[in-house]
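This is what each chain is made of:
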Amino acid sequence: MTLKHALLPLSLAFTLGATAQKKTPAAPFRISYQSFTLSNGLKVILHEDHSDPIVAVSTIVHVGSNREKPGKTGFAHFFEHMSFNHSENTPRGANRKLIPEWGGNRNGGTWSDGTVYYEVIPKDAFEKILWIDSDRLGFMINTVTQDALAKEIQVVKNEKRQNYDNVAYGNTQEVVLSNLYPENHPYHWTVIGSLPDLQAASLADVKEFYDRYYGAANATLVIAGDIDPKKTRARVEYWFGEIRRGPGVQPLKPQSVRLTETKSLWFEDNFAKLPEYTMVFPTVESYHKDVYALNILAQLLAGSKTAPLYQTVVSQRKLAPNVSANNNAKELAGEFSIRVRGNADTKLDDVQAAILESFSRFERSGFTDADLARIKAQLETNLYAGLESILSKAQRLGRDNEFKGDPGYVSKEAQLIQAVRKEDVLRVYQQYIKGKNYIATSFVPKGKRGLAVAGSSEAKVWTEPIVQGVANEDVRPGEDAVFAKTKTKNDRSEPPFGPMPLFKMPPVWTGTLVNGIRVLGTQSSELPMINFEIVLRGGHSVDPLEKSGVASLLSSLMMQGTVRKTPEELEAAIDALGASINISAGNEELRLRASCLERNYEATLALVQEILLEPRWDRAEYDRLYKAMQTGIKGREANATAIAALNFNKLLYGPNHILGQPAAGTAETVANINLEDLRNYYQQWITPRLATVHLAGAVGQERALKALARLGASWKVGIVPPMQAYEIPPQDGAGTLYFIDIPGAKQSVLYVGKLSVSATDADAVGIGYANEVLGVNSSGRLTQVLRIGKGYTYGASSQLARSLERAPFVAVTSVRANATLASLQIIQEMLAQYGISFTDKEVELTRNKVLKGSTLDYETLNAKLGLLGDISKYGRSLRFVEEDQQRLVQMTLADYQRIISQHLNEKDMVYLVVGDKATQLEEVKKLGKKVVQLDIYGNPVTF
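Residues numbered from 1 in each chain as written. Predicted model: local features only at pLDDT ≥ 70, side-chain atom pairs only at ≥ 80, totals over all residues. Heavy atoms only, no water.

Participant: Go over the overall build of the chain, please, and point to the residues and values.
Facilitator: Looking only at helices and strands, one finds 32 helices and 26 strands in the chain. Taking 943 residues into account, the globule formula puts the C-alpha radius of gyration at 30 Å, and the chain, at 28 Å, falls close to it. Reported as C-alpha extents along the three principal axes, the dimensions of the chain are approximately 75 × 70 × 65 Å. Expressed as a percentage of the 943 residues in the chain, the buried residues total 61%. The long-range fraction of contacts in the chain, counting pairs at least 24 apart against all pairs at least 6 apart in sequence, stands at 83%. When the accessible surface of the chain is totalled, it reaches about 35700 Å², and 51% of it is carbon and sulfur. (Helix = DSSP H or I, 4+ residues; strand = E, 2+ residues; numbered from the N terminus. Rg over C-alpha atoms; globule rule 2.2 N^0.38 Å. Buried < 20%, exposed > 50% of the residue type's maximum accessible area, 1.4 Å probe, protein only. Contact = heavy atoms within 4.5 Å. Areas by Shrake-Rupley, 256 points an atom, 1.4 Å probe, with all protein chains shown as cover.)

Below, the structure written as structure tokens:
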């Protein structure tokens, strides 16, 4: 997995240190840690937290794409993939298969400066994780084979296709970096690298890279969670102490660049439907003193409705629905970027002119002390939220240790943020932005070169051809390597599990407001944060069918000011509290969610009430959002995954069911909407009779209900009209393969599924359990065969969606184009044989996987809100997770086989392929299904 952004300098209003400090609402938040270094140079950090019976393990290796050479690009990321395959003392594929089966989550990531490997596991598997992680770091290289190398090359190539080559604007980063940095600069190429370079990777390259960079002294290991530090230190010594030190890896010095000219480039993007303009200025490296002022500058320029970029580009000239600015500081240099994705057919010359005018406006008007304080308050809340999970704490500690040599650096960073003055921000604007040269890109839809900035040069981007039957893409994992095991002092055989932890639901309290609103809450005081939401039944499901998108548009408009506040004033009030408030419309509910510091709970709730009960109905904002919705619908046409998802729903629910229409509407339904429709929706469906309140975080029942009492008294109960009941159409698509053409697509998006059951159905929980072995996590058969075994895809999964209405069961993957038929055949056979191949072994595997995995499921505040939402929406009990666990324990093989036969039968499945017709349509006909061609809107294609 590639991480596009490096160490983003962050600020926190807390300190890190070796001892904990008793908290009061105004006191700094502290994270305790211990640090030590093994004799082989491995740096180790321990953080003890007994909130949940889980442990996070994160290993950061100080090698990223900035250590590569031309012709060997993408190698740091490729090696990350190789590291998961095998090691001397673990079973082949153990990392991807066993960790999920133990109830854990695992992954890795590479960015320009480093590579991280991480897991979160139930504490009973802690010793096993130390075994796997230490073996990967110290004993994997002898197990690499030519077959394994060839297979993983295809997986990484599929990742590149999926995330870069087969999506709109996916090549922007490549164009920017190759022109911003000279050819000999370590940031001249992208982290993912080039496909020709990946294809040329050899065994010798892998071994050379390992020998050079994968020594213990070039890494930081962080262990956080439910641990005993003294015992953990001894186990770290045991498992990691024998790993070779490795050669000394010299740190790279900062290499900021200075452009001698502005360079503007254009590219006709095969997948883009909207023009996009990007402007990038070179800046400074991570931990440089100017980073903090540059971060604030980005927010001042584009982060609010009063920001000059927003005012000029969006509000006044109406060129785009939004604009963003970001300072990305990396180990060696940084980039300050401004990005505008314009409305359809917008000339990017106009966008460029608007940006330059915004700079002039900033120079004339500047900003206030209140603006500066507002941004600092928002950063404080963001950083608390960013350290909510055990894994996020572990990764922050590790990154600061490896790249700054100080795991507690975040406390200093907080002080540096708070110390930024107006003159600092104005200075960095003058030093890095005003009148400085930059790289500009104009990515425009195919055939619309005229939208690009005048005088631009054509960008050079290598495009992969689609070729059937390429020999070097027909790969297999091959046999295990034959090697002599490295001699070790300690026994490196698999350790046993510890005592098995079981998830116990947190105490849930309930209450009722005077207007009948039910309130559910759960208290968690580790962080001084509160997340809460008001959920209203309805959402998209009560949109008029011919006006699909009303709820979505209303949810956006309700955030644009109140009767007492303009949009700008409301935004400033929220930011001043360091809070976030947003409204979203789902298929079956409209959700107003807020997150705030504990000390600002009452003030944030007052704003939420004002937003909910005093809408502004601002015509100018409505017009802007209406245009933005149209732009979003147009942009959606560039996303093959979105096209597949929307059309699969349409195939199952039909055009006359509201869920057959996207919640964000279509061009046709949005054309029917006006402001009065939003008023009508509000009057009918925004009522306490349909509302439930959920709270999670540092607030108890008494305080929560006391603050909510005002909402209960002010929000009057009205008459609720009956909700329209839609009939499910006959499910007559089984055995049919539908094909949607995306010309030139490098991958095919595959959907295979059926309309299944409601979340309230007696079998819904059992279907979820039965699906675990098929398609959940990397241990699922879909991933194990399509990715691990064949190298056809970057990932594959299956799931039963959850809703009050009957919901789809679907298996989903994106495969390289010339593996479309082979992948369909594998999925077809896997589904057809699933019941037969599901044995007592799979029963036991599912039981352990789910029981242990539940310890990880509800760690964060938003996850706890989801728990409360299940109780209120689906009528579950206050102990439903534990009750489901008991049901799981009691399920027999016969129960699973009945569910698979009834609900996961391949004969009932509908197939959908979104890909390149020219090369794949005739291929998929060989599957033996009836083939029907559709356009991207789901309409039959006639000839």
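Now that the structure has been shown, the text picks up again.
Participant: Talk me through the nonpolar core; I want residue IDs and the actual numbers.
Facilitator: Tyr277, Leu297, Phe336, Ile338, Ile355 and Phe359 are the most contacted members of the largest nonpolar core, which has 70 residues in total. With ten residues, the single largest contributor to this core is helix α9 (residues 291-302). The residues contacting Phe359, other than those within four sequence positions of it, are Met279, Phe281, Leu301, Ile338, Tyr429 and Ile433. By size, the runner-up hydrophobic cluster in this structure holds 56 residues, among which are Leu590, Ile633, Trp685 and Ala707. (Core = buried A, V, L, I, M, F, W, Y, C linked by side-chain atoms within 4.5 Å.)

Participant: Tell me about the environment of Asp205, residues and numbers included.
Facilitator: Position of Asp205 among the secondary structure elements: in helix α7 (residues 203-213). Under the relative-accessibility criterion, Asp205 is labelled buried at 10%.

Participant: Describe helix α32 (residues 917-924), and please don't skip the residues or the numbers.
Facilitator: Within α32, the full set of buried residues consists of Gln920, Leu921, Glu923 and Val924. Buried residues in α32, looked at end-on, bunch into an arc of 170 degrees, giving them a common side. Across α32 from its buried face, at more than 90 degrees, point the exposed residues Ala918 and Glu922. (Arc of directions from axis to C-beta.)

Participant: Could you give me a rundown of unusual backbone geometry, with the residues and numbers involved?
Facilitator: Leave glycine aside and you will find that most residues have negative phi; peptide bonds, for their part, are mostly trans. At Lys318, a position not held by glycine, the phi torsion is positive, near 50 degrees. Phi is positive for Asp345, close to 65 degrees, though the residue is something other than glycine.

Participant: Pulling in residues and values, what's your account of the packing of aromatic side chains?
Facilitator: By the definition in use, this model includes 27 aromatic pairs. Ring geometry for Phe84 against Tyr117: centres 5.5 Å apart, planes inclined by 70 degrees, an arrangement best described as edge-to-face. With a gap of 33 residues between them, Phe84 in the loop between α1 (75-83) and α2 (94-101) and Tyr117 in strand β7 (residues 115-122) connect regions that are remote in the sequence. For Phe84, a relative accessible area of 3% puts it in the buried group. For Tyr117, a relative accessible area of 2% puts it in the buried group. Three or more aromatic residues joined by ring pairs form one cluster here, namely Phe75, Phe78, Phe79, Phe84, Tyr117, Phe209, Tyr210, Tyr213 and Tyr214. Here Arg106 stacks its cationic end above the ring of Phe84, 4.6 Å away from the centre of that ring. Its guanidinium or amino end placed over the ring of Tyr238, Arg235 lies 4.5 Å from that ring's centre, counting from NZ or CZ. (Phe/Tyr/Trp six-rings, centres within 6.5 Å; stacked < 30°, edge-to-face > 60°. Lys NZ or Arg CZ within 6 Å of the ring centre and 35° of its normal.)

Participant: Any chance you could break down the pattern of salt bridges for me, citing the residues and the numbers?
Facilitator: Under the criterion given, the structure shown has 56 salt bridges. Connected through salt bridges with shared partners, the residues Glu533, Glu588, Glu589, Arg591, Arg593 and Lys873 form a single ionic network. (Salt bridge = Lys/Arg side-chain N within 4 Å of Asp/Glu carboxyl O.)

Participant: Which residues make up the sheet that holds strand β20 (residues 691-697), and what values go with them?
Facilitator: Taken in spatial order, the six strands make up an open sheet running β15-β16-β20-β17-β19-β18, and their pairing is mixed. Strands at the two margins of the open sheet, each flanked by one partner only, are β15 (509-512) and β18 (580-585). Direction aside, the axes of adjacent strands within the sheet are offset by 15 degrees on average. When strand β17 (residues 529-537) meets strand β19 (residues 589-597), the two strands line up antiparallel, connected through nine bridges. Residue pairing for β19: Met529 is matched across the bridge by Leu597. (Pairing = 2+ DSSP bridges. Axes fitted to C-alpha atoms, helices over the stretch in contact; angles between N-to-C directions.)

Participant: Tell me about the packing of α1 against helix α4 (residues 146-165), residues and numbers included.
Facilitator: It is at 10 Å that the axes of α1 and α4 come closest, and there the two elements cross at 125 degrees. With respect to their mutual orientation, α1 and α4 come out oblique. Crossing of α1 over α4 shows right-handed handedness. For the pair formed by α1 and α4, the contact residues are His77, Phe78, His81 and Met82 on the first element and Ala148, Leu149, Glu152, Ile153, Val155, Val156 and Glu159 on the second. (Parallel < 35°, antiparallel > 145°, perpendicular 65-115°, else oblique. Left-handed = near helix turned anticlockwise from the far one by under 90°.)

Participant: Tell me about the pairing of strand β3 (residues 34-37), and name the residues and values.
Facilitator: Bridge count for β3 against strand β4 (residues 43-48) is four bridges, and the pairing is antiparallel. Across the sheet, the residue bridging to Ser35 is Ile45, located in β4. A loop of five residues connects β3 with β4, the two strands running antiparallel in sequence, and Gly41 in this loop sits at a positive phi of about 95 degrees.

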